[in-house]
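What follows is each chain in one-letter form.
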Amino acid sequence: MFKFTYNYIEEQYKQVKEMGYKFITCEEYVKKKSILKASDKVVVNRVDVDLSVKKTKKLLAIFDKLDIKATFFLRLHAPEYNPFSFENYKIIKYLIESGHELGYHSEVIDQSVIWNEDAKDCLLRDIDVVNRMFNIQIRGIASHGGMTGLNNLDFWKDKKASDFGLLYEAYDHQPEFNLFQEAFYVSDSEWTRWKAYNKGKLLQDDRRSFAEHAKDGHSLMNVLIHPDTYYTDHFYENEK
Ligand SMILES: [Zn+2]
């Protein structure tokens, strides 16, 4: 009846894998970019944990089953979840231990306005907190688009990821990354339909799925999905 089930997204990834695509994390992309060839078929696999760590566990099970790695971007200030809750912390720890990359899903502009604090200080503190929480060194940031009407990406207009000891910001235009401008990008961010950009340019009204686009044989793809989009039977199955 409904499209965006866990079975559906598993099937999408399975099909793309069977087409010969290799899945890599954002960090791996930075490290391998210079040796990627036009004949390669690569998917940079990104997951933004916007609303639910619990649902993230479901995606982890799918990726582990298919032997696929991803970069998961975690929020620290979400009203919807506590990354330090017993179950959520356990899930994120498992994510890291099973070889996925954890990045930070930043809301620095929102923080700086709501708290009247310096955005740069907020970010440095957040990076430090994530690193200490999980005893890791995060390598990347993706900016979250929330409900404040502010754009957290604006923070990066006059700053570089390397200023913060990082390798990338997910929409970074710097030559070392520049993924959005160079890849075929497909995302589930509209919840009930796919959205695609070819090398930074929106494909108007193109609602083909991740796997349908992969059939075109793009050498470099960037997929962005959100755990919140998926369900077993229907969207409201976990209502409180
Ligand atoms: Zn987000």
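So, here's what we can say about the structure.

Conventions used here
Residues numbered from 1 in each chain as written. Predicted model: local features only at pLDDT ≥ 70, side-chain atom pairs only at ≥ 80, totals over all residues. Heavy atoms only, no water. Helix = DSSP H or I, 4+ residues; strand = E, 2+ residues; numbered from the N terminus. Contact = heavy atoms within 4.5 Å. Polar contact = N/O pair within 3.5 Å; in protein donor to acceptor, adjacent residues only side chain to side chain. Patch = residues over 30% accessible without salt bridge, like charges linked within 9 Å, V, L, I, M, F, W, Y side chains within 5 Å. Areas by Shrake-Rupley, 256 points an atom, 1.4 Å probe, with all protein chains shown as cover. Salt bridge = Lys/Arg side-chain N within 4 Å of Asp/Glu carboxyl O. Buried < 20%, exposed > 50% of the residue type's maximum accessible area, 1.4 Å probe, protein only. Right-handed = clockwise from strand over helix to strand, strands pointing away. Pairing = 2+ DSSP bridges. Donors = N, O, S within 2.8 Å, 3.2 Å for Na, K, Ca; no water.

**As for the environment of tyrosine 81**
Link 1 in the chain: Mapping tyrosine 81 onto the fold places it in the loop between strand E3 (71-74) and helix H4 (86-97).
Link 2 in the chain: Sequence separation between tyrosine 81 and aspartate 50 is 31 residues, and the spatial gap between their C-alpha atoms is 8.9 Å.
Link 3 in the chain: The residues touching tyrosine 81, leaving out its near neighbours within four places in the chain, are Val49, Asp50, Leu51, Ser52, Val53, Leu74, Arg75 and Asn88.
Link 4 in the chain: Side-chain polar atoms of tyrosine 81 contact the backbone oxygen of valine 49, separated by 2.7 Å.
Link 5 in the chain: Among the polar contacts listed, one links the side chain of tyrosine 81 to the backbone nitrogen of arginine 75, at a separation of 2.8 Å.

**Some words on a nonpolar patch on the surface**
Link 1 in the chain: Nonpolar side chains collect at one region of the surface, where Leu51, Trp191, Phe235 and Tyr236 lie side by side and expose about 410 Å² of accessible area between them.
Link 2 in the chain: Examined against the element boundaries, tyrosine 236 turns out to sit in the segment after strand E10 (220-225).

**A word on the pairing of strand E2 (residues 42-49)**
Link 1 in the chain: Among the 8 residues of E2, 8 are classified as buried, and the element is accordingly described as predominantly covered.
Link 2 in the chain: Following the backbone out of strand E1 (residues 22-24), through helix H2 (residues 26-32) and into the adjacent parallel E2, one traces a crossover that is right-handed.
Link 3 in the chain: Where E2 meets E10, 6 bridges bridge the pair, whose relative direction is parallel. Each residue of the ladder has a partner; that of asparagine 45, found in E10, is valine 223.
Link 4 in the chain: Between the parallel pair E2 and E3, the chain is carried across by helix H3 (residues 53-66), and the sense of this crossover is right-handed.

**With respect to the coordination of the zinc ion**
Link 1 in the chain: At 2.0 to 2.1 Å from the zinc ion lie its protein donor atoms, namely Asp50 (OD), His105 (NE2) and His144 (ND1).
Link 2 in the chain: For the zinc ion, all donor residues lie on one chain, and their spacing in sequence is D-x54-H-x38-H. In this pair, histidine 105 is assigned in strand E4 (residues 101-106) and histidine 144 in the loop between strand E5 (140-143) and strand E6 (168-169), connecting sequence segments 39 residues apart.
Link 3 in the chain: Overall, the relative accessible area of 1% leaves histidine 105 in the buried class.

**Regarding the pattern of salt bridges**
Link 1 in the chain: Evaluated as defined, the whole model comprises 18 salt bridges.
Link 2 in the chain: Of the charged contacts, one joins lysine 32 and glutamate 28 as a salt bridge, the two residues approaching to 3.7 Å between their closest N and O atoms. Taken together, the residues span about one helical turn, with lysine 32 and glutamate 28 both in helix H2 at a distance of 4 residues.
Link 3 in the chain: Close ionic contact of arginine 75 with glutamate 80 constitutes a salt bridge, the shortest N to O distance being 3.3 Å.
Link 4 in the chain: The buried category is assigned to arginine 75, whose relative accessible area is 5%.
Link 5 in the chain: Given a relative accessible area of 44%, glutamate 80 falls into the partly exposed group.
Link 6 in the chain: Each member of the salt-bridge network shares a partner with another, and the members are Glu190, Arg193, Lys195 and Arg207.

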